[in-house]
Amino acid sequence: MVTKMVTAPTRTVGRNVTSSCCGSGSPLEWLLEGNRLHAKLALHRDPKAFEGLTRGQSPIAALVGCVDARTPIDQVTGTKAGTLLISRNVANQADAAVAAMVQFGLDPLRIRHFVVCGHQDCGGIKYAMKLAVTSDKGHSDELTRWLAPLKDLYAMHRSALEGLSESERVEQFAILNIRTQVQRLAESPVIRIFHTRFPDPITIQGWYLRLSTGQFEVVANQVVTTAQSQKDILTDAPLDRHL
């Protein structure tokens with residue numbers, strides 16, 4: 001029997017996607033072709049590769065990450081499809097979409113471990129810092145409005161952060177943001193209400209991805225128990241844009 005070898009094409013990753021990755025085709029055509037090759041290779045290795053995915057999911061953790069293209073959470077954690085529940089936005093903020101993901105993760109998926117993932121050289125972090133020190137107070141667009149909470153967070157800690165070098169300032173503010181979002185999740189109405197029905201402790205960690213090494217560093221860790229949640233149950237709290 002002759003075994004036919006299936007190989008993936010060589011793809012050069014660069015800033016100019018059209019010329020360095022896609023040849024004469026469009027980036028979208030290139031991505032679709034990559035999907036076809038991915039499916040073909042997966043089925044070549046295992047004819048039942050995708051069958052399990054149609055029977056539901058049982059993720060072991062839920063992660064809130066940044067939209068930055070350099071932070072593919074599945075890849076950097078070495079996990080397969082179905083392992084992680086993931087929500088991503090600019091600068092990994094705990095927003096309404098994250099609240100919905102957390103609720104879906106807690107019940108019915110029974111996830112009890114959550115992570116907020118920030119990263120080195122975050123553009124959202126840099127832009128929020130710029131907004132905090134700019135004199136243009138009238139400028140308003142979607143990104144500016146989205147980053148308003150981080151702009152305020154930087155302003156609160158500006159005196160301590162501005163004694164650092166630029167690279168250290170960006171890194172420390174990114175870590176401060178991670179810790180702030182972990183705290184938001186820990187105190188969120190979704191988790192408090194969950195604890196009126198289930199006694200399970202919830203672990204929430206903050207991870208900082210150092211792009212230069214490809215590794216996460218744990219920068220925050222909280223275990224939320226039923227007793228902590230019962231201190232202030234916000235049963236009538238509106239689901240705001242941020243938790």
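Since the model is a prediction, treat every value here as computed from it, not as a measurement.

1. A look at the overall build of the protein chain
Alright, step 1. When its secondary structure is counted, the protein chain shows 10 helices and 5 strands.
Alright, step 2. The buried share among the 243 residues of the protein chain stands at 37%.
Alright, step 3. Of the accessible surface of the protein chain, which amounts to about 14,200 Å², a share of 55% is contributed by carbon and sulfur atoms.

2. Some words on the confidence of the model for the protein chain
Alright, step 1. Chain-level pLDDT for the protein chain is 87 on average; 84% of the residues reach the 70-or-more range.
Alright, step 2. Taken as a whole, residues 1–10 scores under 50 in pLDDT and shows 8 contacts with residues more than four places along the chain or in a different chain.

3. Some details on the packing of aromatic side chains
Centre distance and the angle of the planes are the two values used to describe a pair of aromatic rings.
Alright, step 1. Enumeration according to the criterion identifies 3 aromatic pairs in this entry.
Alright, step 2. Look at F194 and F198: their rings are 5.0 Å apart centre to centre, the planes differ by 25°, and that puts the pair in the stacked class.
Alright, step 3. Given a relative accessible area of 4%, F194 falls into the buried group.
Alright, step 4. The class for F198 is partly exposed, based on a relative accessible area of 21%.
Alright, step 5. When the centroid spacing of 4.9 Å and the interplanar angle of 50° are considered together, the rings of W207 and F216 count as tilted.

4. Let's talk about the nonpolar core
Alright, step 1. The biggest cluster of nonpolar side chains holds 45 residues, and the ones touching the most others in it are V102, F173 and I204.
Alright, step 2. Broken down by element, this core gets its largest block of residues, 9 residues, from helix α8 (residues 166–186).
Alright, step 3. Filtering out sequence-adjacent residues up to four positions away, I204 remains in contact with F114, V182, L185, A186, I191, A220, N221, Q222 and V224.

5. With respect to α8
Alright, step 1. Under the 1.5 Å per step criterion, the end-to-end length of α8 is 30 Å for 21 residues, consistent within 8% with the ideal 30 Å.
Alright, step 2. Among the residues of α8, R169, V170, F173, A174, I175, L176, N177, I178, Q181, V182, L185 and A186 are the ones counted as buried.

6. With respect to empty space enclosed by the protein
Alright, step 1. Tallied over the entire structure, the rule returns 2 cavities of 30 Å³ or more.
Alright, step 2. Considered as a void within the structure, the largest cavity measures approximately 50 Å³ in volume.
Alright, step 3. Around the largest cavity, the lining residues are G65, C66, T71, I73, V76, C117, G118, H119, L209 and F216.
Alright, step 4. Broken down by secondary-structure element, the contributors of at least two residues to the lining of the largest cavity are β1 (61–66), α3 (73–77) and β3 (113–119).
Alright, step 5. When residues of the lining of the largest cavity are assigned to their parent elements, the largest contribution, 3 residues, is made by β3.
Alright, step 6. In terms of residue class, the lining of the largest cavity is built from 6 nonpolar, 4 polar and no charged.

7. Details of the layout of surface pockets
Alright, step 1. Of the pockets and cavities examined, the largest pocket occupies roughly 290 Å³.
Alright, step 2. Lining the largest pocket, in full, are H38, L41, A42, R45, D46, A49, F50, L53, K80 and A81.
Alright, step 3. Grouping the constituent residues of the lining of the largest pocket by class yields 6 nonpolar, 1 polar and 3 charged.

8. A short note on the packing of helix α7 (residues 148–161) against α8
Alright, step 1. The N-to-C vectors of α7 and α8 enclose an angle of 125°; their axes lie 11 Å apart at closest approach. Relative to α8, α7 is oriented oblique. Like other packed secondary-structure pairs, α7 and α8 cross with a definite hand, here right-handed. Where α7 abuts α8, its residues P149, L150, L153, Y154, H157 and L161 lie against R169, Q172, F173, L176, N177, T180, Q181 and R184.
Alright, step 2. Grouping the amino acids of the contact of α7 with α8 by side-chain chemistry returns 7 nonpolar, 5 polar and 2 charged.

9. Quick look at the sheet that holds strand β5 (residues 215–224)
Alright, step 1. What the 5 strands build is an open sheet, ordered β2-β1-β3-β4-β5; its pairing is mixed. Two strands bound the open sheet, and with one partner strand each, they are β2 (84–89) and β5. Here the average twist between neighbouring strands, direction ignored, is 20°.
Alright, step 2. With 3 bridges connecting them, β1 and β3 associate as parallel partners. Bridge assignment links A62 to a residue of β3, and that residue is F114.

What counts, and where the lines are drawn
Residues numbered from 1 in each chain as written. Predicted model: local features only at pLDDT ≥ 70, side-chain atom pairs only at ≥ 80, totals over all residues. Heavy atoms only, no water. Helix = DSSP H or I, 4+ residues; strand = E, 2+ residues; numbered from the N terminus. Buried < 20%, exposed > 50% of the residue type's maximum accessible area, 1.4 Å probe, protein only. Areas by Shrake-Rupley, 256 points an atom, 1.4 Å probe, with all protein chains shown as cover. pLDDT = per-residue confidence, 0-100. Contact = heavy atoms within 4.5 Å. Phe/Tyr/Trp six-rings, centres within 6.5 Å; stacked < 30°, edge-to-face > 60°. Core = buried A, V, L, I, M, F, W, Y, C linked by side-chain atoms within 4.5 Å. Expected span 1.5 Å × (residues − 1). 1 Å grid on protein atoms, 1.4 Å probe; cavity = no way out; pocket = protein on both sides within 12 Å on 5 of 7 lines; lining within 4 Å. Points joined across faces, edges and corners; volume = space filled by probe spheres on them. Nonpolar A, V, L, I, M, F, W, Y, C, P; charged D, E, K, R; others polar. Axes fitted to C-alpha atoms, helices over the stretch in contact; angles between N-to-C directions. Parallel < 35°, antiparallel > 145°, perpendicular 65-115°, else oblique. Left-handed = near helix turned anticlockwise from the far one by under 90°. Pairing = 2+ DSSP bridges.

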